[in-house]
Amino acid sequence: MKRVFSGMRPTGRLHYGHMAGALTNWLALQETHECYYSIVDWHALMSDYADPSNLAEHVTDALLDWLAVGLDPNKCAIFIQSRVKEHIELHMALSMIAPLGWLERNPTYKEQILNLQNKDLSTYGFLGYPVLMAADILLYKSNQVPVGEDQTAHLEISRELARRFNNFYGEVFPEPEMLLTRYPKIPGTDGRKMSKSYGNALEIADEMPVIDKKIRTMMTDPARERRTDPGEPNKCPVWDLHKFFNPDKEEMNELAEGCRTAGIGCIDCKKKLIAHVAVNMAPVHERRKYFEARAGELNDILNEGARKARARASETMEEVCRAVGMTRAGA
Ligand code: SF4
C-alpha cells in the first residue's frame, strides 16, 4: 500500500472549499492508501506566534470537521503534529542541510510576506516553513502527497531535501511524488475564492438555516439585475455550487435553460440548491454533533492516531540518526 501524508493548519472552522478540495480527496485516499492526516499545529504558530489564544479551539474544530465529512480513524491515522515529537527532530536534521537560497526563492514565502502585512513574518521559523513541511512528509516516507497547484513549489523543496539528504548520508528517503489534484471551483458568497478572511465562507459546521440565509444573499450573474433579465449560469457562483452539490442532471439542464431565458428567478434556482445542500450535508452535521458530544472519544482518536504515526516516525528517525552517526536517545 502506498503511503500518503497530508496536513492542514488549524485556522478555525473549515468551509465548503476545504470539503470539496482537500477533504473529498482524502476520503478517497483513505480507502486505497496508508494515510497519515495531521493537524499541523506547529505550522499555525509560524504565522500566529504572537497570539496563539485560539489554537486549541481551532485544533478541535478541524478535528470535528474532518470526522464530520467522513474521515475514519479506523482507516487512517488522524493526529496532532505536536504530539509526535519526531516532526521536530527531523525538522532540525533537515534545517542543517537546507540551503537558504532555496527558502528565500520560495514563491509562497514572498507572497505570504506581502499578503500578511499585519503580521511580522521576518522570523527564522517562517522562512523555514517548507523545511518543517518536508519533515512532515519525509518522516512517513510518503510515496505520494496530494497537492493543489498552488502547493507544488513546497513539495518540490521536500523532494530536493530528500535528494540532498540521501546524497550526503545514503539512501534514506524516497522522493515523494505529487498527486496533483484539480479541485472543483467553490467560490464564496461574493464570488471571490471562498475564504474565512473574506467573510464569504459557507462553513461545514453551519446549520441549514445559516446556509439558507447565506445562499439566498449570494451573488449571482450580475446580468440578472431584474427577474426578467436573462443570465448565464457559467458566470454565476451559485452555479458552481450547483455543479458540486446537485446530482440531478435533468434539473440542472432545466435550471440553465430557465436562467438563460429568464424563465426562472434566481431565488427559485437558489431554493433548489439549498435543498440539495441540505441532503448532502445532513449526514455531515449528524456526525459533527455526534462527536461534539463525545470529548473522550475525540481524545481516544487522537491518541490512537499519534500512536500509529509515532510508530512509523520513530523508525524513520532511527534510520536518520544512524545515517548521520548519532545514537537516538531512548532508541
Ligand atoms: S438563475 Fe441560477 S444560475 Fe442563473 S444567475 Fe440566477 S442563481 Fe445564477
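Residues numbered from 1 in each chain as written. Predicted model: local features only at pLDDT ≥ 70, side-chain atom pairs only at ≥ 80, totals over all residues. Heavy atoms only, no water.

*Asks:* Looking at this structure, I do not really get the site of the ligand. What am I missing?
*Replies:* All residues in the neighbourhood of the ligand are listed as T220, D221, R224, P233, C236, V238, W239, C259, C266 and C269. Grouping the constituent residues of the shell around the ligand by class yields 7 nonpolar, 1 polar and 2 charged. (Near = heavy atom within 4 Å. Nonpolar A, V, L, I, M, F, W, Y, C, P; charged D, E, K, R; others polar.)

*Asks:* Help me out: how do you make sense of the packing of aromatic side chains in this one?
*Replies:* Two descriptors summarise a pair of aromatic rings, namely the distance from one centre to the other and the angle between the planes of the rings. Per the stated rule, a full pass over the model turns up 13 aromatic pairs. Ring centres 5.0 Å apart and planes at 80° place the aromatic pair W26 and W66 in the edge-to-face group. Here the residue W26 occupies a position in helix α1 (residues 16–32), and W66 occupies one in helix α3 (residues 55–69), the gap between them amounting to 40 residues. Of the two residues examined, W26 and W66, each falls in the buried class. Aromatic rings pair up to connect F5, Y36, F79 and Y140 into one cluster. Across from the ring centre of W102, 5.8 Å away, lies the NZ or CZ of R164, which sits over that ring. One residue, R192, lies across the ring of Y198, its end atom 4.0 Å from the ring centre. (Phe/Tyr/Trp six-rings, centres within 6.5 Å; stacked < 30°, edge-to-face > 60°. Helix = DSSP H or I, 4+ residues; strand = E, 2+ residues; numbered from the N terminus. Buried < 20%, exposed > 50% of the residue type's maximum accessible area, 1.4 Å probe, protein only. Lys NZ or Arg CZ within 6 Å of the ring centre and 35° of its normal.)

*Asks:* Looking at this structure, how should I read the pattern of salt bridges?
*Replies:* In the structure shown here, the tally under the stated rule is 29 salt bridges. In this structure, E34 engages R3 in a salt bridge whose closest nitrogen and oxygen atoms are separated by 3.4 Å. Remark: R3 occurs in strand β1 (residues 3–8) and E34 occurs in strand β2 (residues 34–39); sequence separation between them is 31 residues. For the salt bridge of K289 with E207, the shortest nitrogen-to-oxygen distance reads 3.2 Å. Highlighted residues: K289 in helix α13 (residues 266–292) and E207 in the loop between β5 (177–180) and α10 (208–216), separated in sequence by 82 residues. A cluster of three or more residues bridged by salt bridges with shared partners is formed by K85, E86, E89, E318 and R328. (Salt bridge = Lys/Arg side-chain N within 4 Å of Asp/Glu carboxyl O.)

*Asks:* In this structure, what is going on with the pairing of β2? I would like to understand it.
*Replies:* Along any regular strand the residues' side chains alternate between the sheet's two faces. Judged by how many residues are buried, β2 sits mostly within the fold: 6 of 6 residues are covered. Burial along β2 is two-sided: the residues E34, Y36 and S38 and C35, Y37 and I39 are all buried. Direction of pairing for β1 relative to β2: parallel, over a ladder of 6 bridges. By the bridge assignment, S6 is partnered in β2 with Y37. The parallel pair β1 and β2, bridged by α1, forms a crossover whose chirality is right-handed. Taken together, the 5 bridges between β2 and strand β3 (residues 76–80) define a ladder with parallel strand orientation. (Pairing = 2+ DSSP bridges. Right-handed = clockwise from strand over helix to strand, strands pointing away.)

*Asks:* What am I meant to see in a nonpolar patch on the surface here?
*Replies:* Together, F168, Y169, V324 and M326 give the surface a local cluster of nonpolar side chains, amounting to about 380 Å² of exposed area. Looking at the element boundaries, F168 is found in helix α9 (residues 152–169). Given the relative accessible area of 48%, F168 is considered partly exposed. (Patch = residues over 30% accessible without salt bridge, like charges linked within 9 Å, V, L, I, M, F, W, Y side chains within 5 Å. Areas by Shrake-Rupley, 256 points an atom, 1.4 Å probe, with all protein chains shown as cover.)

*Asks:* Just checking my understanding: could you explain the nonpolar core for this structure?
*Replies:* Soluble globular proteins tend to pack their nonpolar side chains together in the buried interior. Y16, Y37, W66, I204 and V277 are the most contacted members of the largest nonpolar core, which totals 53 residues. In terms of residues, this core owes the most to one element, α3, which gives 8 residues. Apart from the residues lying within four places of it in its own chain, the contact partners of V277 are Y16, M208, I211, I215 and F245. Ranked by size, the runner-up nonpolar core spans 40 residues in total, among them I97, L121, A134 and C321. (Core = buried A, V, L, I, M, F, W, Y, C linked by side-chain atoms within 4.5 Å. Contact = heavy atoms within 4.5 Å.)

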